Amino acid sequence: MAVFDTPEAAFGVLRPVCVQLTKTQTVQNVEHLQAQLQAVSDSALQELQQYILFPLRFTLKTPGPKRERLIQSVVECLTFVLSSTCVKEQELLQELFSELSGCLYSPNSQKPDAVSEELKLAVIRGLSTLMHSAYGDIILTFYEPSILPRLGFAVSLLLDLAEKEKSKQIKIAALKCLQVLLLQCDCQDHPRSLDELELEQKQLGDLFASFLPGMSTALTRVITGDFKQGHSIVVSSLKIFYKTVSFVMADEQLRRISKVQAKPAVEHRIAELIVHREASWVKSSSDKLTLLIKKIIECVSVHPHWKVRLELIDFVEALLLKCSQSLIESAGPLLKALVGLVNDESPEVQTQCAKVLRHFADQKLVVSNSAFADILSENLHSLATSLPRLMNSQDDQGKFSTLSLLLGYLKLLGPKVNFVLNSVAHLQRLSKALIQVLELDVGDIKIVEERCWNSDHLSASPLTSAMQPWSQIQRRYFRFFTDERVFLLLQQVCQLLGFYGNLCLLVDHFMGLYHESAVYRKQAAMVLNELVVGAAGLEVENLHEKHTKASPEELREIVTSILEEYTSQENWYLVTCFEAEEMGEEVTLKQLGLQAITSVAHTCPVTSSPAFSKPSLTICSMNSNIWQICIQLEGIGHCAYALGKDFRLLLMSALYPVLEKAGDQTLLISQAATSAMMDICHACGYDSLQHLINQNSDYLVNGISLNLRHLSLHPHTPKVLEVMLRNSDASLLPLVADVVQDVLATLDQCYDKRTTSFVSVLHTLLAALAQWFPDTGNPGQLQEQSVEEEGSHLSERLASFQHTATAEDIEQFLLNYLKEKDVADGNVSDNDEEEQSDPPKMDESDTGPSVEPPLPVQIQIATDVMERCIHLLSDNNLRIRLKVLDVLDLCVVVLQSHRDQLLPLAHRAWPSLVHRLTNDDPLAVLRAFKVLRTLGGKCGDFLRNRFCKDVLPKLAGSLVTQAPVSARAGPVYSHTLAFKLQLAVLQGLGPLCERLDLGEGDLNKVADACLMYLSAKQPVKLQEAARRVFLHLMKVDPDSTWFLLNGLYCPVQFTPPHPSLHPVPLQGAMGQQNPYMANVLHLLQELQ
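Values in this document were obtained by computation on a predicted structure and should not be read as measured data.

### With respect to the packing of aromatic side chains
By the definition in use, this model includes 14 aromatic pairs. Their ring planes at 25 degrees and their centres at 6.0 Å tell us that Phe-54 and Phe-58 sit as a pair that is stacked. Taken together, the residues span about one helical turn, with Phe-54 and Phe-58 both in helix 4 (residues 49–61) at a distance of four residues. For Phe-54, a relative accessible area of 49% gives the class partly exposed. Put simply, the rings of Phe-97, Phe-142, Tyr-143, Phe-208, Phe-211 and Phe-247 pair up and form one aromatic cluster. The ring of Phe-400 has Arg-485 sitting right over it, with the charged end atom 4.0 Å from the ring centre. Against the face of Phe-942 rests Arg-946, its NZ or CZ located 4.4 Å from the ring centre.

### Focus: the nonpolar core
Formed by 338 residues in total, the largest nonpolar core has its most connected members in Leu-151, Phe-315, Phe-647 and Phe-947. Tallying contributions element by element places helix 38 (residues 733–772) first for this core, with 18 residues. The residues contacting Phe-315, other than those within four sequence positions of it, are Leu-238, Phe-241, Tyr-242, Ile-293, Ile-296 and Leu-334. Within the second largest apolar cluster, five residues are counted, among which are Leu-882, Leu-923, Ala-924 and Leu-977.

### A short note on helix 36 (residues 697–708)
Within an α-helix, residues lying three or four positions from one another point in the same direction, as the helix has 3.6 residues per turn. Here helix 36 contains twelve residues, and its C-alpha end-to-end distance of 16 Å stays within 8% of the 16 Å for a straight helix at 1.5 Å per residue. Counting buried residues in helix 36 gives nine out of twelve residues, a clear majority hidden from the surface. Taken residue by residue, helix 36 has Ser-697, Tyr-699, Leu-700, Val-701, Gly-703, Ile-704, Ser-705, Asn-707 and Leu-708 as its buried positions.

### A short note on unusual backbone geometry
Within the chain, Leu-183 stands out as a residue other than glycine whose phi angle is a positive 60 degrees. Along the chain, Leu-183 falls in the loop between helix 10 (168–181) and helix 11 (201–209). With a phi angle near 50 degrees, Asp-997 is a residue other than glycine that sits in the positive phi range. On the secondary structure map, Asp-997 appears in the loop between helix 47 (977–996) and helix 48 (1000–1011). For Asp-997, a relative accessible area of 31% corresponds to the partly exposed category.

### Observations regarding helix 44 (residues 899–918)
Compared with an ideal rise of 1.5 Å per residue, which puts 20 residues at 28 Å, helix 44 spans 26 Å between its outermost C-alpha atoms and is within 8% of the ideal. A bend of about 45 degrees at Trp-910 is the largest found in helix 44, and the proline Pro-911 appears one to four places after it. The set of residues buried in helix 44 consists of Gln-901, Leu-902, Leu-903, Leu-905, Ala-906, Ala-909, Trp-910, Ser-912, Leu-913, Val-914, Arg-916 and Leu-917. Where helix 44 is buried, its residues touch helix 42 (857–872), helix 43 (878–895), helix 45 (922–939) and helix 46 (944–968).

### Re the confidence of the model for the chain
Of all residues in the chain, 83% attain a pLDDT of 70 or more, and the chain-wide mean is 80. For the stretch residues 833–837, pLDDT sits under 50, and the model shows one contact to residues farther than four places along the chain or on other chains.

What counts as what
Residues numbered from 1 in each chain as written. Predicted model: local features only at pLDDT ≥ 70, side-chain atom pairs only at ≥ 80, totals over all residues. Heavy atoms only, no water. Phe/Tyr/Trp six-rings, centres within 6.5 Å; stacked < 30°, edge-to-face > 60°. Helix = DSSP H or I, 4+ residues; strand = E, 2+ residues; numbered from the N terminus. Buried < 20%, exposed > 50% of the residue type's maximum accessible area, 1.4 Å probe, protein only. Lys NZ or Arg CZ within 6 Å of the ring centre and 35° of its normal. Core = buried A, V, L, I, M, F, W, Y, C linked by side-chain atoms within 4.5 Å. Contact = heavy atoms within 4.5 Å. Expected span 1.5 Å × (residues − 1). Bend = angle between axes of the 7 residues up to and from the residue. pLDDT = per-residue confidence, 0-100.

Printed below as a string of structure tokens:
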């Protein structure tokens, strides 16, 4: 808080200090004065302003050399006084301005460079503070023609500092001071700004016009200087440049300039400095400024700092809005700079650019200004002409900048873009450039190699399985760019063309390119897809409010023509893989070797073989066809997205072809079709794929039924049914029941030609039935439970016998054992046989033979399918046999609750199944063994004798034969088919033995075959599988299993409980070297 609040008190304190400073000009006296000023209030300082300034000004005016430190302290003290007071006299303001400006010149060198940086900074701050301290309208009296020399001196001085000074702090301070001098300061302390001075604008404009050439040139050098000088310097320089130019060259001011210059009331020397802004001067200045503006834009548009590019937007906006007539030659570069920032990497720049573009559209800057529209059209003409060359020669960043420019032109021109599109030459150049840059790289073998086997696993939820967004599909690779941003820009360009351009003209032109050559087809389809989205006004920023998008009727007609072209026979059914399976030719395993067994079901052969390939069919051509189908599928989704609910009218023609492709084995095509189906769901208001298919199933089923009658013309018909089954529920079954019978009838007629596709459909059908109609009362499960209960009863009986054994218990146990042994050996008395042979008594209430109720639809279908599978099990094609075995497995699951149908069919299928198990390829053996396990669980006792007679000896023999091989094998052995077969057999034998309740002799065969796999020399997985076999055997016959294991390794020596009993010798060797020790100990521990 100030100590001296009144002028009198302050005068008493300051007078001796001022007198002392007047007498002796030293740094100490100046600092003493400034220290005393700290204690004086602002009001008192205002009263004593001139008295205090006198010694300071006297010090600056004193002739002779002065130390810089003294001048600096005086300027700092003077700045303090001005910051606390107001200058109310014009003469004082001008004199102080001259005195402060003169401090920067050394008397020896007459250059500011010779002055210290501290003094430069102090003087700059002093000048800025002085201009801020001007009171009221006194600032306007300062800017009179008479001040022109002094003001020009200060401006040139500050520009020199901003350009040549090394100190960043001084540069920024000089630029800020320059803003203050030119009334461009945006701080709250500044009394006036250029926009508020309406009456004085002409006088100020004439005054500032004198500085325009030198100032614009110097600022251009600063702006285009080294990037290392810092972004804040460039931003300030840009702001001064465009504010000064937009003020001096403002159209509104220049329109009021008279042709004859009024004679100013100043000296002749000063009058010569004053500029008359008549037409010739404006034209000359505009030409020179255009060169500078181009230079600035070239540098600033690629500046690494986003704030500089953000300031460039304000630069363009100010010059275009205020100087649209005077700087008409600069309009082209300015508009180019603006639209080039539409897709800037900085979100702040993007937002501001979009805001300015919308402002221009609201002001109708382009639409109502024919000159600007002509300039933009000419720029677009020029860009369209050079676009093919640029797309071919530029790198990704260059392509991005060029396309951003194109996008900006389209946004600004809006509906007037048709002036360019109506020119055939320019439309051709624009379209050829788009076609060229969108060319895909189709050389990747993975595209045709990736196969889709969705029928192997039925999706539990059609909605979740179908929601595969396009982004998850394999990314497209383009020949001429890799940056994803370029593709996004191309999409936006095409959408804007569709929104503002003549849609019929564009669709007709690109459809012509689609027909012209297969090379252009994919690119033209991509463009057509985006044109439709743009025409609907979706994802398009409309800067021109009066523009109306295409009518729904027009859009629907165009979409209909596009869909007809996409789904035509020649464009929809393209070759996407070597159809070896469709031609009935099998690549035998002997030719391809064992290595091919694991891959034959997952990949399409790509080697060119005379047996099943055409000479002209290459990987690239198939990849190209795959991408074309994917793009067309994407186009169908885009059309649905564009039409919305109106697309329901086109479902009859669009849904069936999409379902065909959803069942395609090529992964990319299947994914693209699923994505298109999801787009259709969202557009037409369906909740899920299941809802979509169920609501349109009647016409789909009708189409399938009709096409099955002409299968040679419609070979992909089974795929439609397959996709319907995979993505629907049980409500579909009544509709497709008749179609399934048609499929089976067609299979009977031409199973040798189309077997693979039909078997795939049957597999999907049975998988759906198994999911839709799960069996609640599973007899196989009941049998398993009974066997488990019996095994647990045996173990409990053994446990109780061990713990509470008495003489009577032992006697009864032996008697029961002997009786059961006689029954097993057939030693049964006649009385027992007679008792067993008594016929059952008839129920008196039985009125006659009962009529069996009709079978459920799913049971009848499963029965019919299983009958076909029995015949197809011996097909020559391995892939068909594998698929048929999978179908057979599902048939057993579906029929498990109807044993009257299942058992006769199992009896008929058994010989072929045994042949697959014992005399077929290892892959077929694996699948057949899986079927056997399922049959064992569902049929139980029905298979016991057959299994023990036909299968078990060969399985056991195979295990015994392979045991030494696996014991000697290395770690690579686990990847072989032999290992997988051993593992599958070991994993399945245990449950089979338990479910079929095998006898003692058969159990011994199984145990003997599996004993060798308890050795520590075997692979770990085989040891684990063998242990699980013995765990199942324990449930069936724990005593024999215990005795057998102790025969391998006996961990303890057993002593008889009574001397009358002889010791039982066990052959198991004791010691650490026994390879069976670890597994046997583990099993014995489980048994106890």
